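# Residue-level structure breakdown
Each chain, letter by letter, is given below.
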Amino acid sequence: MTTTPDHPADDDREHGGHGEEDDAVRRTADPGESSRASRHWWDRNADEYQDEHGAFLGDDRFTWCPEGLDEADARLLGDPAALKGLDVLEIGAGAAQCSRWLAARGARPVALDISFRQLQHSRRIDLVRGDEPVAVVQADAAVLPFADGAFDLACSAYGAVPFSADTAALMREVHRVLRPGARWVFSVTHPIRWAFPDEPGVEGLTATASYFDRTPYVEQDEQGRATYVEHHRTLGDRVRELAAAGFRLLDLVEPEWPEGHDQEWGGWSPLRGRLIPGTAIFVAQRG
Ligand SMILES: C[S@@+](CC[C@H](N)C(=O)[O-])C[C@H]1O[C@@H](n2cnc3c(N)ncnc32)[C@H](O)[C@@H]1O
């Protein structure tokens, strides 16, 4: 099973570091159930996530993925000098590390996340650094609380997209809040990983599930309520959803595992990274 970089999901593994033993199943999960599960899961796990990954993420670094591809080098948002003065929406921002990088380049970021606890970590970092606080908004990415055409750019590093049940609607919503010609750049787990166990070692190299099976991955409690949900789309699904929402795909980046990078993150490891892609980054432009 594939998961987001933070989440060591595995049918036999302990859930979320809280000692709970939730069942991992494959079943449908509608937008409401998915959204509720994400909000609670991220509120419960935000402290552990920031403890474990905060150093790698950096307080004001913009990294797209466990492969360590930085926006400073990749320039997927365009020329960094042109970010000055842009209204930018970061979706599924966590502690808003990427937004802080954008603010340092003169952009006006808004960091949106469904989890209040994640956004509290953003405040914590701002207070420690003595920075002007990043503007944060708690909301579901599927229903953005902004006017049409409010932003010049939208980005997301593994935020919201893998957890949302209706990503076609999410793409339409991002399109709505962007101005014509604006970019929408987001990274997700590479869809091919859905077919493999989410293990950093050799056991993570044998395909055991169908890449084509879109049935969500759900962890549920004893009452059958979802506590964690991930939704899968194939590469083709993602391209079609972008096109249907009115975006043009400019690039699809599959970062290679860099020489000398030996830091694992869940199922992302040098061993697997050298053989199969772990991240897909979609670079799209609003029509
Ligand atoms: C893997 S973390 C990535 C956080 C941050 N971008 C980073 O790189 O550390 C995923 C984030 O997406 C947020 N998220 C999940 N579902 C969401 C939704 N439906 N709307 C908005 N944010 C959501 C979570 O709360 C979490 O902070």
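Everything numeric here is computed off the predicted structure, so don't read it as measured data. (Residues numbered from 1 in each chain as written. Predicted model: local features only at pLDDT ≥ 70, side-chain atom pairs only at ≥ 80, totals over all residues.)

When you go through the protein residue by residue, the secondary structure sums to 7 helices and 10 strands. C-alpha atoms of the protein, sized along the principal axes, occupy 50 × 40 × 40 Å. Taking all 287 residues of the protein together, the buried fraction comes to 47%. Expressed as a percentage of contacts within the protein between residues at least 6 apart in sequence, the contacts between residues at least 24 apart total 73%. (Helix = DSSP H or I, 4+ residues; strand = E, 2+ residues; numbered from the N terminus. Buried ≥ 20, exposed ≤ 12 C-beta atoms within 10 Å, placed from the backbone. Contact = placed C-beta atoms within 7 Å.)

For the rest of this paragraph, the subject is the site of the ligand. Lining the immediate surroundings of the ligand are 23 residues, of which Trp 42, Gly 92, Gly 94, Ser 115 and Ala 141 lie closest. By residue class, the composition of the shell around the ligand is 11 nonpolar, 9 polar and 3 charged. (Near = placed C-beta within 6 Å. Nonpolar A, V, L, I, M, F, W, Y, C, P; charged D, E, K, R; others polar.)

The subject of this paragraph is the nonpolar core. Residues Ala 154, Trp 184 and Val 185 are the most contacted members of the largest nonpolar core, which totals 68 residues. Broken down by element, the residue count for this core peaks at 6 residues, all from strand β6 (residues 178–189). In this structure, Trp 184 is in contact with Ala 154, Val 174, Leu 178, Phe 247, Ala 284 and Arg 286, ignoring residues within four places of it in sequence. (Core = buried A, V, L, I, M, F, W, Y, C linked by C-beta atoms within 7 Å.)

This brings us to the sheet that holds strand β1 (residues 23–26). Pairing within the open sheet is antiparallel, and its 3 strands lie in the order β1-β7-β8. This sheet does not close on itself; its edge strands, each paired only once, are β1 and β8 (226–230). In this sheet, adjacent strand axes meet at a mean angle of 25 degrees when their direction is disregarded. Pairing analysis gives 4 bridges linking β1 to strand β7 (residues 217–220), with the strands arranged antiparallel. Residue pairing for β7: Ala 24 is matched across the bridge by Glu 219. (Pairing = 2+ DSSP bridges. Axes fitted to C-alpha atoms, helices over the stretch in contact; angles between N-to-C directions.)

Further remarks concern unusual backbone geometry. Residue Arg 75 is not a glycine yet carries a positive backbone phi of 55 degrees. Here Arg 75 falls in the exposed class, since 10 other C-beta atoms lie within 10 Å of it. Positive phi, close to 60 degrees, is recorded for Tyr 158, a residue that is not glycine. Mapped onto the elements, Tyr 158 comes out in the loop between β5 (151–157) and α5 (167–177). Under the C-beta neighbour-count criterion, Tyr 158 is labelled buried, with 22 such atoms within 10 Å.

Listing the buried residues of α5 in full gives Thr 167, Leu 170, Met 171, Glu 173, Val 174, His 175 and Val 177. Residues of α5 that are buried make contact with β2 (87–91), β5, β6, α6 (235–245), β9 (247–253) and β10 (279–286).

What follows covers the packing of α5 against α6. Axis separation between α5 and α6 bottoms out at 9 Å; the angle between their running directions is 40 degrees. As judged from the angle between their axes, α5 and α6 are oblique. In this structure, α5 meets α6 at a crossing whose hand is right-handed. The segment α5 lies against α6, with Thr 167, Ala 168, Met 171, Arg 172 and His 175 engaging Glu 241, Leu 242, Ala 244 and Ala 245. Its residues placed into classes, the contact of α5 with α6 shows 5 nonpolar, 2 polar and 2 charged. (Parallel < 35°, antiparallel > 145°, perpendicular 65-115°, else oblique. Left-handed = near helix turned anticlockwise from the far one by under 90°.)

Another aspect to go through is the UniProt feature "domain: Methyltransferase type" (unreviewed entry) in the protein. Listed under "domain: Methyltransferase type" (unreviewed entry) in the UniProt record, and renumbered for this structure, are residues 89–185. Helix makes up 34% of residues 89–185 and strand makes up 29%, while its end C-alpha atoms are separated by 11 Å. (UniProt positions renumbered as here; feature names shortened; annotations may be inferred.)

Bringing the pairing of β7 into the picture now. Across 4 bridges, β7 lies against β8 in antiparallel orientation. Residue Val 218 lies in a different strand from β8, and its bridge partner there is Val 229.

With respect to the helices, strands and loops of the structure, Glu 219 is situated in strand β7. C-alpha of Glu 219 to C-alpha of Glu 230: the two residues are 11 residues apart in sequence and 9.1 Å apart in space.

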